[in-house]
Amino acid sequence: IAAGTGLGEGILFWDGKSYRPMPSEGGHADFAPNNDQEIDLLRYLRSQYLHVSYERILSGPGLHAIYEFLRDTKKNEPTWLAEKIKVGNPAAEIAQAGLQGQAEIAKQALELFASIYGAEAGNLALKALSLDGVYVGGGIAPKLIAKLKDGTFMKAFTNKGRYKRLMSQMPVKVIMNPQTALLGAASIAAVLALSPKP
């Protein structure tokens, strides 16, 4: 699972001889709220979009959407942060202010983002029965690594009712190498280039 400009999801499975990737458009699946605040977030986003997917929330624009939801419902946006968001990259400004504890609204946005990210990573893990683990990629995770490690993500990841114990045994790793996707594509290209031609 990989949040960045959008939300990518995929499954790597063992076919008995080798690992094979299975693509997915799971990021476009319906967002399923887990508590009253998330229900309010869904209502807020539904006033703007006909379909609210996980990608609407778990992406750079999604972090900004969470922030706007909090701003419009809690009315606690500091003027200095509003100005920085107007002139800069909104997601980056929100993340920086939240990670550095400079603005309560930004901290709340990161908390909600990390919780929903963990829940959807757990959904994907259940659907694929990812006993060997889940890899969190994309451009956002390395930048929010401190937030992802504070327990919010994993609490939501494992919160799957009777499957909590199973979920707790699944390893979760954050991909820190920004070249991972290119290395994976190059690896497949090399295998295809060496394959006998029909």
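It should be noted that the structure appears before, not after, this text.
Because the structure is a prediction, the values reported are computed rather than measured. (Residues numbered from 1 in each chain as written. Predicted model: local features only at pLDDT ≥ 70, side-chain atom pairs only at ≥ 80, totals over all residues. Heavy atoms only, no water.)

1. Notes on the overall build of the chain
Part 1 of the reasoning: Helix and strand counts for the chain come out as 10 helices and five strands.
Part 2 of the reasoning: Taken over the C-alpha trace, the chain has a radius of gyration of 18 Å; the compact-globule value for 198 residues is 16 Å, and the two agree within 12%.
Part 3 of the reasoning: In terms of overall dimensions, the chain has C-alpha extents of about 65 × 40 × 35 Å along its principal axes.
Part 4 of the reasoning: When the 198 residues of the chain are sorted by exposure, 38% land in the buried category.
Part 5 of the reasoning: Here the chain has roughly 11,600 Å² of accessible surface; of this, 57% comes from carbon and sulfur atoms.
Part 6 of the reasoning: For the chain, the distance from the average position of its 22 positive side-chain charges to the average position of its 18 negative side-chain charges is 5 Å. (Helix = DSSP H or I, 4+ residues; strand = E, 2+ residues; numbered from the N terminus. Rg over C-alpha atoms; globule rule 2.2 N^0.38 Å. Buried < 20%, exposed > 50% of the residue type's maximum accessible area, 1.4 Å probe, protein only. Areas by Shrake-Rupley, 256 points an atom, 1.4 Å probe, with all protein chains shown as cover. Lys, Arg positive; Asp, Glu negative; His and termini not counted. Charge placed at Lys NZ, Arg CZ, Asp CG, Glu CD.)

2. Some details on the packing of aromatic side chains
Part 1 of the reasoning: Under the defined criterion, the tally for this structure stands at six aromatic pairs.
Part 2 of the reasoning: A ring pair is formed by phenylalanine 113 and tyrosine 117, whose centres lie 5.7 Å apart and whose planes are at 70°; its orientation type is edge-to-face. Highlighted residues: phenylalanine 113 and tyrosine 117, both in helix H5 (residues 104-128), separated by four residues, approximately one helical turn.
Part 3 of the reasoning: Phenylalanine 113 gets classed as buried once you look at its relative accessible area, which sits at 1%.
Part 4 of the reasoning: Exposure remark for tyrosine 117: the relative accessible area of 0% places this residue in the buried category.
Part 5 of the reasoning: With 5.6 Å between their ring centres and 80° between their planes, tyrosine 117 and phenylalanine 153 make a pair best called edge-to-face. Remark: phenylalanine 153 occurs in helix H8 (residues 152-158) and tyrosine 117 occurs in helix H5; sequence separation between them is 36 residues.
Part 6 of the reasoning: Taking the ring centre of tyrosine 49 as reference, the NZ or CZ of arginine 56 above it sits at 3.7 Å. (Phe/Tyr/Trp six-rings, centres within 6.5 Å; stacked < 30°, edge-to-face > 60°. Lys NZ or Arg CZ within 6 Å of the ring centre and 35° of its normal.)

3. Re the pairing of strand E3 (residues 19-24)
Part 1 of the reasoning: Alignment of strand E2 (residues 7-14) against E3, held across six bridges, turns out to be antiparallel. Bridge assignment links isoleucine 11 to a residue of E3, and that residue is methionine 22.
Part 2 of the reasoning: Connecting E2 to the antiparallel partner E3 that follows it, the hairpin turn spans four residues, and glycine 16 within it adopts a positive phi of roughly 105°. (Pairing = 2+ DSSP bridges.)

4. Focus on the layout of surface pockets
Part 1 of the reasoning: Considered as a void within the structure, the largest pocket measures approximately 1,300 Å³ in volume.
Part 2 of the reasoning: Lining the largest pocket are 37 residues, with Gly10, Ile11, Leu12, Tyr135 and Ile175 sitting closest to its centre.
Part 3 of the reasoning: Elements that contribute at least two residues to the lining of the largest pocket include exactly E2, E3, H5, strand E4 (134-136) and helix H10 (180-194).
Part 4 of the reasoning: With seven residues, the top contributor of residues to the lining of the largest pocket is E2.
Part 5 of the reasoning: Broken down by class, the residue content of the lining of the largest pocket amounts to 23 nonpolar, 12 polar and two charged.
Part 6 of the reasoning: What lines the second largest pocket is a set of 15 residues, among which Asn89, Ala91, Ala92, Ile140 and Lys143 lie closest to the centre.
Part 7 of the reasoning: Listed by contribution, the elements that provide at least two residues to the lining of the second largest pocket are helix H2 (60-74), helix H4 (90-99) and helix H6 (140-143).
Part 8 of the reasoning: When residues of the lining of the second largest pocket are assigned to their parent elements, the largest contribution, five residues, is made by H4.
Part 9 of the reasoning: Residues of the lining of the second largest pocket, tallied by class, amount to nine nonpolar, five polar and one charged. (1 Å grid on protein atoms, 1.4 Å probe; cavity = no way out; pocket = protein on both sides within 12 Å on 5 of 7 lines; lining within 4 Å. Points joined across faces, edges and corners; volume = space filled by probe spheres on them. Nonpolar A, V, L, I, M, F, W, Y, C, P; charged D, E, K, R; others polar.)

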